2 protein chains.
Amino acid sequence: IKREQRIAEESHRQDSAYLLIFIMLLTLTILTIWLFKHRRFRFLHETGLAMIYGLLVGVILRFGIHAPQSMSDVILSCAVNGSPATLLVNVSGRFYEYTLKGEVGQGKGHQVQDDEMLRKVTFDPEVFFNILLPPIIFHAGYSLKRRHFFRNIGSILAYAFIGTVISCFVIGLIMYGFVSFMKVVGQLGGDFYFTDCLFFGAIVSATDPVTVLAIFNELKVDVDLYALLFGESVLNDAVAIVLSSSIVAYQPAGDNSHSFEAMAMLKSFGVFLGVFSGSFALGVVTGVVTFTKLRDFPLLETALFFLMSWSTFLLAEACGFTGVVAVLFCGITQAHYTYNNLSPDSQDRTKQLFELLNFLAENFIFSYMGLTLFSFQSHVFNPLFIVGAFVAVFLGRAANIYPLSFLLNLGRKNKIGYNFQHVMMFAGLRGAMTFALSIRDTATYARQMMFSTTLLIVFFTVWICGGGTTPMLSFMSIPSTKHESAWPFRIWYNFDHNYLKPLLTHSGPPLTATLPACCGPLARCLTIFLLTLAECFYSCSLFLFFLVHLKIIYELFKQNKLT
Amino acid sequence: IKREQRIAEESHRQDSAYLLIFIMLLTLTILTIWLFKHRRFRFLHETGLAMIYGLLVGVILRFGIHAPQSMSDVILSCAVNGSPATLLVNVSGRFYEYTLKGEVGQGKGHQVQDDEMLRKVTFDPEVFFNILLPPIIFHAGYSLKRRHFFRNIGSILAYAFIGTVISCFVIGLIMYGFVSFMKVVGQLGGDFYFTDCLFFGAIVSATDPVTVLAIFNELKVDVDLYALLFGESVLNDAVAIVLSSSIVAYQPAGDNSHSFEAMAMLKSFGVFLGVFSGSFALGVVTGVVTFTKLRDFPLLETALFFLMSWSTFLLAEACGFTGVVAVLFCGITQAHYTYNNLSPDSQDRTKQLFELLNFLAENFIFSYMGLTLFSFQSHVFNPLFIVGAFVAVFLGRAANIYPLSFLLNLGRKNKIGYNFQHVMMFAGLRGAMTFALSIRDTATYARQMMFSTTLLIVFFTVWICGGGTTPMLSFMSIPSTKHESAWPFRIWYNFDHNYLKPLLTHSGPPLTATLPACCGPLARCLTIFLLTLAECFYSCSLFLFFLVHLKIIYELFKQNKLT
């Protein structure tokens, strides 16, 4: 027993030391950011900085410290059907529970013991999806509270939906060409199917809102350009994540043929629509429902806001939707409606809390990205594939921006100028979402090659494109102008301002003021009716919210029992 | 592959559902707290409420929903030396990594599959120590920023150190009597050594600051009583945690004999002193060193503050000290010195952040406590032991408060009256720390019985004593008075105010004003010297801070290589 305890203690101390590495990384990053801000030094964004520190620590871990041969690992050979999630090991009468952490690479069991340390600084990829991405995406949605977003909603949706799908297929086709060529010249070390190419297209089509937000917020550029770029990069994260999971769902059928099966294709499209609209609806509903009438107790309000946002994520995951997408739309809805119900003190607190969470998660992801270039065990760097990927990413982005802008300009009053298009082309950085999607599954050769290449793409875009955005903007001489609203926006804005906002928040004019004068008595009745309705709505919504939660949890258990 | 993926997805969905249960619990608690506060309803503290909700959910999970037989669990029998921390399972050429989650109870392998659901809502006990306790304890330390604490420092230290040790031994001896009696009448179902009794004494001697803080803050009772109670309950958490680990360290030698070995006893005492003073020193040093000259960037400051506090915890754990104790003293030091260096905006943010973290962690622990009464698998409720424990806890508390108060009153100017003593006796609630210490290890029969009994003690004290504190206070008619400071406090206060505070913070008078007039030129030189020194100190401290981190991480790796 004493030996066991010593091993457990030793392991605990080591884990603490590994976590310390990451905290030191973050601390260093913060201090350097401060120095940069203090000296008004702006050629590198903080995320780029975090990556550099990550790289340095990765080099030290890889080459500086030689990890000891681990004596505590044991290799068991057993006849298990696949890999169960939980393992009970019977050690002379005592049962120990083990949980699956992941696969360690095919046939690499003999290597594993050598680099236990590198394996220990490697996080479970699901950590990114369940812990680090939600605050980032939520914060992005939360920051969208701007009239300019809704003014350009049509163009943003076009870029985010149609554009991302175009980009995905263009990149997928180009990569398929490259991969076929590589197969011919014998440069390919494993299988690489057409669906893999499409998957790669989906993950590198997600542009990152982080740097855009940072740079454009500081420089006060044209509000429309800002809204277009930021809106697109926020929404296409959602599109890319759902698109990639639909492609994975399609994969098993079309694994070893590159002919399309119409049915499977249609099914994938159905999955895409179902998951996206489901996540969207769930996010919006929970965003509206968030009960925030606890004024006078800011601590309680903030805690409730935080918990409700998190439960949106979990609820979506439990339903089989995409939590990140639900959280995004929850954030947008909350920023637009529910936020106004908070007391001013709570508004500050909530904003600061999400800001801090976002800051920490973001810098952690980017420094982890740097670290992983050296600490990841099964990198596959294929020069031809990398060149192909850079070309494909460039062309894919171009095929998204230029044709769509041309089409949109046909209908837009205030055209999207060429200088805007060039900036949008240039500022399409790849960031946290691309990384998280590519690290999620690195079991096969194809996925490993994708991961390594994706890392390089992220590094390149963040350092070169991110650093070059400021000069680019002044070179393109982007003006700061204001335009008339387009009519669909005006209709929506009026409806929203006159009916939805008074109904859902306590801000804005009462309904008696916004309804036409001719229906005076009706307006008064309606106001009373609507106010009562609003009260009822608030009282019931929470109750319903819980009922739905309970129901879903119950269904999950029931379902599991029957199968 | 498809089947595997489906299982993984299913497991992920279930995990989300389980987490949702806890979030719902917290949400419900918050809403009810709000209701209570709104209606000025004060007979039950929020933590008591959280426990009740936890109990209800525990009952539902236990009796309402029948979990399905898990098909994904596999029992492996193997000849492993003890239980390794990591397991690599070779499934037909593919290697999967499994991490140890814990033991599932001796010889209960056949039962485990029946109640997989209950096992899934059970957290790894280390979560409490590494994630939930640190913010609570840190916040407690952070809230200590009061002159009255330092005014009563002598008495507080006496209660916390001598009192807790007395209480531990009194409870241990009484329990040993009870256990011996139980053995005679055949009521004992397993081994229960004297060290187990002492361990039990240590864990139930930790009183909880949470409820004290809440009730006394609202009622504005006598500041000295408040300082005594709060200071004692904060510090005795630290004493209890170190005491219990020293007893465990002593255990292997004296396992099957109840005779004391002088050497082992002395060694345990040495461990206690070493760990305590080490943790104390580390906490104070990092608390002072925390670099906070990033004014104008509140987000960065708050993030840095948060990360540094967390790294104190990890650093202490990595050194083999006790993280919780280090965090406590780090909090006290930061509140006293470093906090004043923050910009007002950062001060608000930091305070609010820690307040929120504390609130969430605290309510989570208490609702989990309620849940665990039904969800824990190996409860051992022994009526005789429970009666004995309640008697012992009562007597142990009495043996701490009354004799020590008598002795302290001999030296104190403003005596601790009998009404104060009765309140201190009554308000010694057991809470989060007691629970966390008792759930940490539930492998043996003795520990299981301790855990079940501890749960009941916590429930009783939180509900009955916590609820009765307000009536008790008015019954004892505690006045609100102010007293002269004792001379050791005045000396310390002057030294602190005149030299330490100007040196470590930017508040307070400059040194030229506080040094005697006769040494005018000297004072000016000293001021300049000290200011330069302070600058150097700030610049170097951070560098040192990192060096120490690096050194420790390096040592850990090196050590591991050699053994």
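Residues numbered from 1 in each chain as written. Chains lettered and ligands numbered in written order. Predicted model: local features only at pLDDT ≥ 70, side-chain atom pairs only at ≥ 80, totals over all residues. Heavy atoms only, no water.

Looking at an unreviewed UniProt entry, one finds chain A named Sodium/hydrogen exchanger, with Astatotilapia calliptera as its source organism. What the UniProt record of chain A gives under Sequence similarities (unreviewed entry) is the line "Belongs to the monovalent cation:proton antiporter 1 (CPA1) transporter (TC 2.A.36) family." (UniProt positions renumbered as here; feature names shortened; annotations may be inferred.)

Within chain A one finds 21 helices and three strands. Residue pairs in contact within chain A that sit at least 24 positions apart in sequence constitute 82% of those at least 6 positions apart. Accessible surface, chain A as shown: approximately 23,200 Å² in total, 67% of it carbon and sulfur. (Helix = DSSP H or I, 4+ residues; strand = E, 2+ residues; numbered from the N terminus. Contact = heavy atoms within 4.5 Å. Areas by Shrake-Rupley, 256 points an atom, 1.4 Å probe, with all protein chains shown as cover.)

Looking now at the nonpolar core. Formed by 296 residues in total, the largest nonpolar core has its most connected members in Phe200 and Phe216 of chain A together with Phe200 and Phe216 of chain B. Beyond its immediate stretch of four places on either side in the chain, Phe200 of chain A contacts Ile171, Met175, Phe385, Ala389, Met450, Thr453, Thr454 and Ile457 of chain A. (Core = buried A, V, L, I, M, F, W, Y, C linked by side-chain atoms within 4.5 Å. Buried < 20%, exposed > 50% of the residue type's maximum accessible area, 1.4 Å probe, protein only.)

Turning our attention to the pattern of salt bridges. Under the definition given, this model contains six salt bridges over all chains. Salt-bridge contacts for Glu232 of chain A lead to Arg397 of chain A; the nearest nitrogen and oxygen are separated by 3.0 Å. With Glu232 of chain A in helix H10 (residues 223-250) and Arg397 of chain A in helix H15 (residues 383-411), this residue pair connects regions lying 165 residues apart in the sequence. The salt bridge partner of Arg447 of chain B is Asp441 of chain B, with a shortest N-O separation of 2.9 Å. (Salt bridge = Lys/Arg side-chain N within 4 Å of Asp/Glu carboxyl O.)

A word on the packing of aromatic side chains. Any pair of aromatic rings gets described here by the distance separating the centres and the angle formed by the planes. Overall, the coordinates contain 48 aromatic pairs over all chains when judged by the stated rule. Between the aromatic rings of Phe276 of chain B and Phe329 of chain B, the centroid separation amounts to 6.0 Å while the plane-to-plane angle is 75 degrees, which identifies the pairing as edge-to-face. Taken together, the residues span a long stretch of sequence, with Phe276 of chain B in helix H11 (residues 262-289) and Phe329 of chain B in helix H13 (residues 323-336) at a distance of 53 residues. The class for Phe276 of chain B is buried, based on a relative accessible area of 9%. Each residue in the set Phe22, Phe128, Phe364, Tyr368, Phe376, Phe435 and Phe451 of chain A is aromatic and connected to the rest through ring pairs, giving one cluster. Seen from the ring of Phe129 of chain A, Arg440 of chain A lies directly overhead, with NZ or CZ sitting 3.8 Å from the centre. (Phe/Tyr/Trp six-rings, centres within 6.5 Å; stacked < 30°, edge-to-face > 60°. Lys NZ or Arg CZ within 6 Å of the ring centre and 35° of its normal.)

For any two helices packed against each other, one specifies the inter-axial angle together with the distance between the axes. Residues and elements named next belong to chain B. Between helix H5 (residues 126-142) and helix H12 (residues 298-319), the shortest axis-to-axis distance is 11 Å and the interhelical angle comes to 115 degrees. With respect to their mutual orientation, H5 and H12 come out roughly perpendicular. Handedness of the H5/H12 crossing: right-handed. Listed contacts from H12 to Phe129, Asn130, Pro134, Phe138 and Tyr142 of H5 are Phe305, Ser309, Trp310 and Phe313. Tallied by class, the residues present in the contact of H5 with H12 amount to seven nonpolar, two polar and no charged. (Axes fitted to C-alpha atoms, helices over the stretch in contact; angles between N-to-C directions. Parallel < 35°, antiparallel > 145°, perpendicular 65-115°, else oblique. Left-handed = near helix turned anticlockwise from the far one by under 90°. Nonpolar A, V, L, I, M, F, W, Y, C, P; charged D, E, K, R; others polar.)

Residue and element names in this part refer to chain B. By secondary structure assignment, the location of Ile241 is in helix H10 (residues 223-250). Classification of Ile241 as buried rests on a relative accessible area of 4%. Through-space distance from the C-alpha of Ile241 to that of Val325 is 8.1 Å; in sequence the pair is 84 residues apart. Apart from residues no more than four positions distant in its own chain, Ile241 is found in contact with Phe129, Thr322, Val324, Val325, Met433 and Leu437.

Attention shifts here to a negative patch on the surface. On the surface, a cluster of negative charge is made up of Asp345 and Asp348 of chain A together with Asp345 and Asp348 of chain B. Looking at the negative patch, the elements that each hand over two or more residues are helix H14 (344-375) of chain A together with helix H14 (344-375) of chain B. Along the polypeptide, Asp348 of chain B turns up in helix H14. Using a relative accessible area of 46% as the deciding quantity, one classes Asp348 of chain B as partly exposed. (Patch = residues over 30% accessible without salt bridge, like charges linked within 9 Å, V, L, I, M, F, W, Y side chains within 5 Å. Lys, Arg positive; Asp, Glu negative; His and termini not counted. Charge placed at Lys NZ, Arg CZ, Asp CG, Glu CD.)

Let us now look at helix H18 (residues 445-475) of chain B. Residue and element names in this part refer to chain B. For H18, with 31 residues, the first-to-last C-alpha span of 42 Å sits near the 45 Å given by 1.5 Å per residue. The sharpest bend along H18 comes to roughly 45 degrees, located at Thr469, with the proline Pro471 sitting one to four residues further on. Taken across its 31 residues, H18 has 22 buried, putting it largely inside the fold. (Expected span 1.5 Å × (residues − 1). Bend = angle between axes of the 7 residues up to and from the residue.)

Residue and element names in this part refer to chain A. Running from N to C, helix H5 (residues 126-142) and helix H13 (residues 323-336) point in directions that differ by 30 degrees, and their axes come no closer than 7 Å. One element, H5, and the other, H13, form an angle in the roughly parallel class. Note on packing geometry: the crossing formed by H5 with H13 is right-handed. Each of Phe129, Leu133, Pro134, Ile137, Phe138, Gly141 and Tyr142 in H5 lies in contact with H13, whose residues at this interface are Val324, Val327, Leu328, Cys330, Gly331, Ile332, Gln334 and Ala335. Looking at the contact of H5 with H13 residue by residue, the class counts come to twelve nonpolar, three polar and no charged.

Along the chain, Thr469 of chain A falls in helix H18 (residues 445-475). When residues no more than four places from it in sequence are discounted, the contact partners of Thr469 of chain A are Ile215, Phe216, Phe426 and Ala427 of chain A.

Let us now look at a nonpolar patch on the surface. All names here are of chain A. Where nonpolar side chains cluster on the molecular surface, the patch consists of Val387, Val391, Phe394 and Leu395 and spans about 350 Å² of accessible area. Inspection of the secondary structure assignment puts Val387 in helix H15. Judged by its relative accessible area of 48%, Val387 is partly exposed.

Below, the discussion takes up the environment of Cys330 of chain B. Residue and element names in this part refer to chain B. Along the chain, Cys330 turns up in helix H13. Separated by 18 residues in sequence, Cys330 and Thr312 have C-alpha atoms that sit 7.5 Å apart. If sequence neighbours within four positions are ignored, Cys330 has contacts with Phe138, Gly283, Thr286, Gly287 and Thr312.

Quick look at the side chain of Arg412 of chain B now. Residue and element names in this part refer to chain B. With respect to the secondary-structure elements, Arg412 resides in the loop between helix H15 (383-411) and helix H16 (418-426). No salt bridge is formed by the buried Arg412. Its closest oppositely charged neighbour is Asp224, at 5.0 Å. Looking at Arg412, its side chain comes within polar contact range of the main-chain oxygen of Asn414, at 3.0 Å. In this view, Arg412 contacts Asn152, Ser155 and Leu228; residues no more than four positions away in its chain are not counted. (Polar contact = N/O pair within 3.5 Å; in protein donor to acceptor, adjacent residues only side chain to side chain.)

Atomic detail in the predicted coordinates should be set aside for any region of low pLDDT. The predicted model of chain A averages 77 in pLDDT, with 72% of residues at 70 or higher. pLDDT under 50 marks residues 106-114 of chain A. Its contacts with residues more than four places away, or in other chains, come to 16 contacts. (pLDDT = per-residue confidence, 0-100.)

Once that is clear, we can look at the state of the cysteines. All names here are of chain A. Summed over the entire model, instances satisfying the criterion amount to zero disulfides over all chains. Left without a disulfide partner, Cys168 is nearest to the cysteine sulfur of Cys197, which lies 11 Å away. For Cys168, a relative accessible area of 0% translates into the label buried. (Disulfide = S-S within 2.5 Å.)

So, on to the side chain of Asn358 of chain A. Locating Asn358 of chain A in the fold gives a position in helix H14. Discounting chain neighbours no more than four positions away, the residues touching Asn358 of chain A are Pro135, Ile136 and His139 of chain A.

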